[in-house]
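# Reading the structure
As a plain string of letters, each chain reads:
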Amino acid sequence: MTKLKDLAPKTAALLAILIVAVIATSLLATARATNQALARYTELRAIALRTNDLLLARGNRTETLLALRNAADAAHEPDLLPAIEVIAAAPNAPQARTLELAIRDEASKELSGLFARLTEQFRTITLISSLSIALIALAIVVFANYRNASLVALEREQRRKALHEHAASNLRGLIQAIPQIVWICDAHGRVRFFNDRWYAFTGQHEAGAVGDGWSAVLHPDDRARTLAAWEHSVRSGEPYEIEYRLRAADGSYRWFFGRGLPERDADGKIVQWFGTCTDIDAQHEQMESVRRVADGFAHAQLPERLPSTPRVHFDATYLAAEDVAQVGGDWYDAFEIDDERYVFSVGDVTGHGLEAAIVMSRVRQAIVALASVESDPGTILEKANRVLRVQGENMVTALCGIYDATSGRVWYASAGHPPALILGRDGAIRELHGDAPPLGIVDRIAANTLTDVLQIGDRLICYTDGIVENERNLIEGEARLRTVLGQLTPFEAQECATAVRERILGGKRGRDDIAILVITRLGLVEAVAIDALPTIASNA
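For the structure given in this document, a descriptive report is provided here. (Residues numbered from 1 in each chain as written. Predicted model: local features only at pLDDT ≥ 70, side-chain atom pairs only at ≥ 80, totals over all residues. Heavy atoms only, no water.)

### Description of the overall build of the chain
Within the chain, the regular secondary structure consists of 14 helices and 15 strands. Within the chain, buried positions represent 42% of all 540 residues. Of the contacts formed within the chain by residues at least 6 apart in sequence, a portion of 64% connects residues at least 24 apart. Accessible area of the chain: about 28,700 Å², with a carbon and sulfur share of 57%. (Helix = DSSP H or I, 4+ residues; strand = E, 2+ residues; numbered from the N terminus. Buried < 20%, exposed > 50% of the residue type's maximum accessible area, 1.4 Å probe, protein only. Contact = heavy atoms within 4.5 Å. Areas by Shrake-Rupley, 256 points an atom, 1.4 Å probe, with all protein chains shown as cover.)

### Here's the deal with the sheet that holds strand β3 (residues 240-247)
Across the sheet, 5 strands lie side by side as β2-β1-β5-β4-β3; this open sheet has antiparallel pairing. Every other strand in the sheet has two partners, leaving β2 (191-194) and β3 as the edge strands with one partner each. Here the average twist between neighbouring strands, direction ignored, is 25°. Inspection of the sheet shows strand β4 (residues 253-264) paired to strand β5 (residues 270-279) by 9 bridges, in the antiparallel sense. Following the sheet pairing, Glu263 is matched in β5 by Gln272. Relative to β3, helix α7 (residues 220-236) is tilted by about 150°, and along the sheet it contacts β1 (181-186), β3, β4 and β5. (Pairing = 2+ DSSP bridges. Axes fitted to C-alpha atoms, helices over the stretch in contact; angles between N-to-C directions.)

### Description of empty space enclosed by the protein
Considering all chains together, one arrives at 2 cavities of 30 Å³ or more under this definition. Approximately 110 Å³ is the volume attributed to the largest cavity. Along the walls of the largest cavity sit Trp183, Cys185, Val191, Phe194, Trp198, Trp214, Trp230, Tyr240, Tyr244, Leu246 and Cys277, which together make up its complete lining. Tallied by class, the residues present in the lining of the largest cavity amount to 11 nonpolar, no polar and no charged. (1 Å grid on protein atoms, 1.4 Å probe; cavity = no way out; pocket = protein on both sides within 12 Å on 5 of 7 lines; lining within 4 Å. Points joined across faces, edges and corners; volume = space filled by probe spheres on them. Nonpolar A, V, L, I, M, F, W, Y, C, P; charged D, E, K, R; others polar.)

### Some remarks on the pattern of salt bridges
On inspection of all chains with the given rule, the structure shows 13 salt bridges. Between Asp452 and Arg430 there is a salt bridge; the shortest N-O distance is 2.9 Å. One end of the pair, Asp452, is in strand β13 (residues 450-453); the other, Arg430, is in strand β12 (residues 429-432), and 22 residues separate them in sequence. Residue classification places Arg430 among the partly exposed residues on the basis of a relative accessible area of 33%. The network of salt bridges with common partners includes Asp222, Arg225 and Arg245. (Salt bridge = Lys/Arg side-chain N within 4 Å of Asp/Glu carboxyl O.)

### Overview of the nonpolar core
Counting 50 residues, the largest nonpolar core has Trp331, Tyr332, Phe344, Tyr403, Leu439 and Leu460 as the members making the most contacts within it. Broken down by element, the residue count for this core peaks at 7 residues, all from helix α9 (residues 354-371). Among the nonpolar cores identified, the runner-up in size contains 23 residues, and Trp183, Trp198, Val234 and Cys277 belong to it. (Core = buried A, V, L, I, M, F, W, Y, C linked by side-chain atoms within 4.5 Å.)

### Digging into helix α10 (residues 377-391)
With 15 residues, α10 should reach 21 Å at 1.5 Å per residue; the first-to-last C-alpha distance of 21 Å fits that figure. When α10 is considered as a whole, its buried residues turn out to be Pro377, Gly378, Ile380, Leu381, Glu382, Ala384, Asn385 and Leu388. Looking at the buried side of α10, the elements it contacts are α9, β9 (396-404) and β10 (409-415). Among the residues of α10, the N-terminal cap falls to Asp376, whose side-chain oxygen and the backbone nitrogen of Gly378 are separated by 3.2 Å. (Expected span 1.5 Å × (residues − 1). Polar contact = N/O pair within 3.5 Å; in protein donor to acceptor, adjacent residues only side chain to side chain.)

### Focus: the packing of aromatic side chains
Counted under the stated rule, the structure contains 7 aromatic pairs. Three or more aromatic residues joined by ring pairs make a cluster, and in this case those are Trp183, Trp230, Tyr240 and Trp273. In this arrangement the basic side chain of Arg341 is found over the ring face of Trp411, its NZ or CZ atom lying 5.4 Å from the centre. (Phe/Tyr/Trp six-rings, centres within 6.5 Å; stacked < 30°, edge-to-face > 60°. Lys NZ or Arg CZ within 6 Å of the ring centre and 35° of its normal.)

### What to know about the sheet that holds strand β15 (residues 514-521)
If you trace the 5 strands from one edge of the open sheet to the other, you get β6-β15-β14-β11-β12, paired in antiparallel fashion. Looking at strand neighbours, the two that pair on one side only are β6 (312-319) and β12, the edges of this open sheet. Adjacent strand axes in the sheet meet at a mean angle of 20°, parallel and antiparallel pairs treated alike. Relative to strand β14 (residues 459-463), strand β11 (residues 420-423) runs antiparallel, the two sharing 3 bridges.

### With respect to the packing of α9 against α10
One way to put it is that α9 packs onto α10 with a least axis distance of 9 Å and a crossing angle of 140°. Relative to α10, α9 is oriented oblique. Every pair of crossing elements has a handedness; the one defined by α9 and α10 is right-handed. For the pair α9 and α10, contact is made by Val359, Arg362, Val363, Ile367, Leu370 and Ala371 and by Ile380, Lys383, Ala384, Leu388 and Gln391, respectively. A breakdown of the residues in the contact of α9 with α10 according to their chemical character gives 8 nonpolar, 1 polar and 2 charged. (Parallel < 35°, antiparallel > 145°, perpendicular 65-115°, else oblique. Left-handed = near helix turned anticlockwise from the far one by under 90°.)

Spelled out as structure tokens, the structure:
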């Protein structure tokens, strides 16, 4: 748009010059024609005057005839010479007078036509001259305005550059004064600038850091995920936020929080990225300490041993969240209440940290205590809810059930918990849904006790939502869990809980705590193999 604005006055000036040039050419041509007509007019007037002198007998006749003959020669009228000779030979003859009249009348007639044409040409010259003066004045005005506009634009551009340079100088000073590492990348994600704090910390030189050289100081364990996160932000334009370790000049590593935001132009296109690296090593160590305490406490509250008989096998796993701040209150539990009857529970406390782990311990112990006097899972959850309401604790989702190893029957009730799954020996999967709200949010949850039956070889899989919400998409997470269950090998089926966790997480920690409890109904064939299985739950 600016280029078009600059082009407009230039075009107008060029057009004015072109018009003036055309008019000037026309004026010259008209003036040339007028000069030629004037010369002809003068020549014909001389012939007419000399002929008129002959008719009026003015002056010496011999001299007048000579002048007439010269005028005819000058006017390039050789056709008049014979008539002039006749007049000279017999000046008083009637024929001579007739010829003199004819010459004068013909000259006068042509003079009248020339006069009319000269008059029109003079008018044309006057009009063209006036138009030329007007257009020249217009061109002068256009050029003057364009020149003034150009001078103003030049002055404005110089002022803008000066302000930009001043602002850039102030920004560089501010960036150097910030107690953080500051970086700037181009639209393609390549580093163009680090402030001095980067070079002071890493010991790198500018030539080795800009572009992609900065990644050399990333901790080997953090490099892949850091670069993947950065590439995702560059492609999508989403803000960049991640924690990673950077190698210091002395070879040690410290934790940093990296954050980057895109700068966009008027059309929304990313032109560059601004970012910072903030040292969070002390906070990270503190959070790790909190994680160890919370994680240790949570593990301490889980059962040390799970029941295992020729009729039933219990398998479980627990894994704290990757993010220290997400370590919380997931649990699983299973214990025998009488011969071949077992109580099991799985739950998740909202909130995180040591407080959530403490609430988890209270709810789990409440279910253990209530199971000693109540035989209905719905009643157990209803009374556990009253305990939470009295103590004003957090919201808790829970699944509680009783399993009869002799008949394979399961009695269960759910309070806002993800549905348990039954994996049939034939590979079919069905869900065990509950209809009650989570514990701790209403005075009465009205949990209904439902029943199902495990056939020999069937597995009941109870889990917390961390295993299905790891990728922040519940539907995809549930589909992934079903796929993994259908792909378990015979050996993995014996250690089902750990196998499911490792297949979904790939040996890493999840975004949230994860607890999985698997109950397998055994027959004679399975009972032979159970002796080789460990009796201590896998809580790694």
